[in-house]
Amino acid sequence: MKAVVTVIGKDQKGIIAKVSNILYAHEVNILDISQTVMQDMFTMIMLVNFESDVIPFKDVTDALDECGKGMGLSIHVQREEIFTSMHRI
Amino acid sequence: MINPFEIVETIRMIDDENLDIRTITMGISLKSCAGPDIDVVCGKVYKKITTLAKDLVKVGEDIEEQFGIPIINKRISVTPVATLVDALDEPSEEKAVMIAKTLDKAAKTVGVNFIGGYSALVHKAYTNGERILINSIPDALASTDLVCSSVNVGSTRAGINMDAVKQMGEIVKKTAEKTADTQGFACAKLVVFCNAVEDNPFMAGAFLGEGEGECVINVGVSGPGVVKCALEMAKGKDFGYVAETIKKTAFKITRMGQLVAREASKRLGVPFGIVDLSLAPTPAIGDSVAYILEEMGLEKCGAHGTTAALALLNDAVKKGGVMASGYVGGLSGAFIPVSEDAGMISAAKEGALTIEKLEAMTCVCSVGLDMIVIPGDTPASTISAIIADEAAIGMVNSKTTAVRVIPAPGKKEGDVVEFGGLLGTGPVMPVKRYSSEEFINRGGRIPAPLQSLKN
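Residues numbered from 1 in each chain as written. Chains lettered and ligands numbered in written order. Predicted model: local features only at pLDDT ≥ 70, side-chain atom pairs only at ≥ 80, totals over all residues. Heavy atoms only, no water.

1. Structural notes on the environment of Lys-95 of chain B
All names here are of chain B.
For step 1, the next point in the chain: Topologically, Lys-95 is positioned in helix 5 (residues 93–110).
For step 2, the next point in the chain: Measuring from C-alpha to C-alpha, the distance between Lys-95 and Ser-136 comes to 9.2 Å, with 41 residues separating the pair along the chain.
For step 3, the next point in the chain: Excluding anything up to four places from it in sequence, Lys-95 contacts Ile-38, Leu-88, Asp-89 and Glu-90.
For step 4, the next point in the chain: A polar contact is formed between the side chain of Lys-95 and the backbone oxygen of Glu-90, at a distance of 3.0 Å. (Helix = DSSP H or I, 4+ residues; strand = E, 2+ residues; numbered from the N terminus. Contact = heavy atoms within 4.5 Å. Polar contact = N/O pair within 3.5 Å; in protein donor to acceptor, adjacent residues only side chain to side chain.)

2. Some thoughts on the pattern of salt bridges
Residues and elements named next belong to chain B.
For step 1, the next point in the chain: Using the criterion set out here, one finds 29 salt bridges over all chains in the structure.
For step 2, the next point in the chain: Between Lys-432 and Glu-356 there is a salt bridge, and its shortest N-O distance comes to 3.2 Å. One end of the pair, Lys-432, is in the loop between strand 12 (425–427) and helix 15 (437–441); the other, Glu-356, is in helix 13 (residues 355–361), and 76 residues separate them in sequence.
For step 3, the next point in the chain: The exposure class of Lys-432 is exposed, given its relative accessible area of 52%.
For step 4, the next point in the chain: The exposure class assigned to Glu-356 is partly exposed, which follows from its relative accessible area of 39%. (Salt bridge = Lys/Arg side-chain N within 4 Å of Asp/Glu carboxyl O. Buried < 20%, exposed > 50% of the residue type's maximum accessible area, 1.4 Å probe, protein only.)

3. Description of the environment of Ser-346 of chain B
For step 1, the next point in the chain: Within the secondary structure layout, Ser-346 of chain B lies in helix 12 (residues 342–350).
For step 2, the next point in the chain: For Ser-346 of chain B and Lys-300 of chain B, which are 46 residues apart along the polypeptide, the C-alpha to C-alpha distance reads 8.8 Å.

4. Points about the domain arrangement of chain B
Residues and elements named next belong to chain B.
For step 1, the next point in the chain: By domain assignment, chain B separates into domain 1 (25–194) and domain 2 (219–446).
For step 2, the next point in the chain: The distance between the C-alpha centroids of domain 1 and domain 2 comes to 22 Å.
For step 3, the next point in the chain: On the side of domain 2, 48 residues touch domain 1, which itself brings 43 residues to the contact.
For step 4, the next point in the chain: Summing both sides of the interface, domain 1 and domain 2 together bury roughly 3,600 Å²; the carbon and sulfur share of this comes to 72%.
For step 5, the next point in the chain: Looking only at domain 1, the three residues that lose the most surface to domain 2 are Ile-160, Met-162 and Gln-183, adding up to 19% of its buried area.
For step 6, the next point in the chain: Put simply, domain 1 and domain 2 have zero salt bridges between them.
For step 7, the next point in the chain: Connecting domain 1 to domain 2 are 13 residue pairs in polar contact (both at pLDDT 80 or more).
For step 8, the next point in the chain: Within the residue set of the side of domain 1 that touches domain 2, elements represented by two or more residues are helix 3 (56–67), strand 2 (71–78), strand 4 (147–155), strand 5 (159–161), helix 7 (162–178) and strand 6 (190–194).
For step 9, the next point in the chain: Ranked by residues supplied to the side of domain 1 that touches domain 2, first place goes to helix 7 with eleven residues. (Domains from an automatic or database assignment. Buried area = accessible area lost by both parts, 1.4 Å probe.)

5. Some words on the layout of surface pockets
One water molecule sets the probe size; rolling that probe over the atoms shows where empty space is left.
All names here are of chain B.
For step 1, the next point in the chain: The space that makes up the largest pocket amounts to roughly 490 Å³.
For step 2, the next point in the chain: Along its surface, the largest pocket is lined by 36 residues, and Arg-75, Met-203, Ala-204, Glu-340 and Arg-404 are the ones closest to its centre.
For step 3, the next point in the chain: Looking at the lining of the largest pocket, the elements that each hand over two or more residues are strand 2, strand 6, strand 9 (369–375) and strand 10 (401–408).
For step 4, the next point in the chain: Looking at the lining of the largest pocket, its residues break down into 22 nonpolar, eight polar and six charged.
For step 5, the next point in the chain: Viewed by domain, the lining of the largest pocket spans two of them, domain 1 (25–194) and domain 2 (219–446), each represented by three or more residues.
For step 6, the next point in the chain: The calculated volume of the second largest pocket comes to roughly 370 Å³.
For step 7, the next point in the chain: Lining of the second largest pocket is provided by 15 residues; of these, Glu-9, Arg-12, Ala-230, Met-233 and Thr-249 occupy positions nearest its centre.
For step 8, the next point in the chain: Ranked by the residues each element gives to the lining of the second largest pocket, the list is headed by helix 9 (residues 239–268), at six residues. (1 Å grid on protein atoms, 1.4 Å probe; cavity = no way out; pocket = protein on both sides within 12 Å on 5 of 7 lines; lining within 4 Å. Points joined across faces, edges and corners; volume = space filled by probe spheres on them. Nonpolar A, V, L, I, M, F, W, Y, C, P; charged D, E, K, R; others polar.)

6. A closer look at the pairing of strand 7 (residues 215–221) of chain B
All names here are of chain B.
For step 1, the next point in the chain: Strand 7 sits mainly inside the fold: seven of its seven residues count as buried.
For step 2, the next point in the chain: Alternating residues of strand 7 divide into Cys-215, Ile-217, Val-219 and Val-221 and Val-216, Asn-218 and Gly-220, and every residue in both groups is buried.
For step 3, the next point in the chain: As judged from the seven bridges shared by strand 1 (residues 21–28) and strand 7, these two strands associate in the antiparallel manner. Residue pairing for strand 7: Ile-24 is matched across the bridge by Val-219. (Pairing = 2+ DSSP bridges.)

7. So, the packing of helix 1 (residues 15–25) of chain A against helix 2 (residues 57–71) of chain A
Residue and element names in this part refer to chain A.
For step 1, the next point in the chain: Remark: helix 1 packs on helix 2, axes separated minimally by 10 Å, with the N-to-C direction vectors making an angle of 160°. Overall, the two elements helix 1 and helix 2 adopt an arrangement that is roughly antiparallel. Note that helix 1 runs across helix 2; the crossing there is right-handed. Contacts from Ile-15, Lys-18, Val-19, Ile-22 and Leu-23 of helix 1 reach helix 2 at Val-60, Ala-63, Leu-64, Cys-67 and Met-71.
For step 2, the next point in the chain: The class makeup of the residues in the contact of helix 1 with helix 2 is nine nonpolar, no polar and one charged. (Axes fitted to C-alpha atoms, helices over the stretch in contact; angles between N-to-C directions. Parallel < 35°, antiparallel > 145°, perpendicular 65-115°, else oblique. Left-handed = near helix turned anticlockwise from the far one by under 90°.)

8. A few points about the interface of chain B and chain A
By a widespread convention, an interface's size corresponds to the accessible area lost as its parts come together.
For step 1, the next point in the chain: Facing the 28 residues of chain B at the interface are 26 residues of chain A.
For step 2, the next point in the chain: Both sides together, the interface formed by chain B and chain A hides about 2,500 Å², and carbon and sulfur atoms give 70% of it.
For step 3, the next point in the chain: Between Arg-79 of chain A and Glu-263 of chain B there is a salt bridge, with the nearest N and O atoms lying 3.7 Å from each other.
For step 4, the next point in the chain: Taken together, the connections running from chain B to chain A amount to eight residue pairs in polar contact (both at pLDDT 80 or more).
For step 5, the next point in the chain: Contributions of two or more residues to the side of chain B that touches chain A are made by helix 1 (4–15), helix 3 and helix 9 of chain B.
For step 6, the next point in the chain: The residue inventory of the side of chain B that touches chain A, partitioned by class, reads 16 nonpolar, four polar and eight charged.

9. Observations regarding the packing of helix 9 of chain B against helix 11 (residues 306–322) of chain B
Residue and element names in this part refer to chain B.
For step 1, the next point in the chain: Relative to each other, helix 9 and helix 11 sit at 45°, their axes nearing to 7 Å. Taken as axis vectors, helix 9 and helix 11 run oblique relative to one another. For helix 9 against helix 11, the interelement crossing comes out right-handed. Contact residues: helix 9 offers Phe-239, Val-242, Ala-243, Ile-246, Lys-247, Ala-250, Phe-251 and Thr-254, while helix 11 offers Leu-312, Leu-313, Ala-316, Val-317, Lys-319, Gly-320 and Gly-321.
For step 2, the next point in the chain: Looking at the contact of helix 9 with helix 11 residue by residue, the classes come out as ten nonpolar, three polar and two charged.

Shown next, in the form of structure tokens:
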């Protein structure tokens, strides 16, 4: 199952390291990363693939949510289809 | 990979502009539960609902989590209960209320927040069971928490059943009096329709129509805040541009509804029915249909020009949404429930928005006079006359119209009634003080209108 991880907030050291560590721990594979500054906000977008059948989606979102709160970032994990269906015909 | 700007746009719509899926509504046919014995019927109704909808809430929550899109309500609509009452041996109001209580219990067991379909379709005439069901509505709504009721009193093909209109004025009044301790709250669960639709997922008017299947998933999307924010970028532009902007936004919102509907249908193993692309406001700031109209350039919702603005909005929402979903249905358009819309609450408090203006607005919006609190001493015949006026608009214009008014006991013009939650705050709006009693007492039927020579 493919999903998009979006990290929005103030740029700081260790964002990619912390986020990718959590993903690694939950057997989530990173397929693509892009980062940019949008409206003065650091925005990192990762396309990831959930490879474990046993680790629930919620565990990953909860872990990232906690990490985001600790660093003052907003982190979303959403299945890819929501974006493709909304923006592609 | 998807464009980062598009990803951020979607997240902004959800986080900042209140985009949500308003409801996943499972339609369940109760036709197979009909029978002569009330206890057997109640047993079958409870079993059928709790079996078919047992995973509804869980699936809704899973989708919410995985797609990151809030799904506010999970609900159930059933086929009109009047048909069950008709099939009973010695049907009575008490037996009808027992079915209402069974629906309430089943809804609580599966965890949904409303169950609709305590309904009767009497647009031409009554059956015995329908008459009994309608008479039982005040007791049924006062003795349950989650049951919603609707009655269809008119249609373009049948005309208006004025006997039912008269009766519904009295029923609305009784329902308010039965729940005087909550300012007539039960009336918020009662809708009187003309041209009711069979696949509406929104409460309180949802029921599963006679032409529907065994079980179906219908989804209602929302997002007035998203449309308002999109229009902020269109300041000073002409109406062609405004309509285009609304269409594009409605398309995106509906795509999300379509995705959720397909996903829910797949996970529950239930066929997908329709997406209802209605702009349904909530009392949250920034989630108001009135603010969209004001964004178009009106100082206050209710000012002259409001009907034109709403007509454009309603039409553009449909045009944008139709292409985004395989099956569009329900009420689809813009809702104008006064107590549930921050902008309308404010306009009504200031006197900018009156019942007369709202009536005009219902000619071009998706439903009708919705969530309007009127003085508690309003005579039943005046409520019937309000229903008759709305039904006439629906009948002549071949559209759905409805009346959901709350004659709040003991309240008068200028008072404010707090319902809380999604139902919001209702300023008590004045109604005409001139009597319609003689008119309503005539009874009978208003014949169906001519469908040609349109002027």
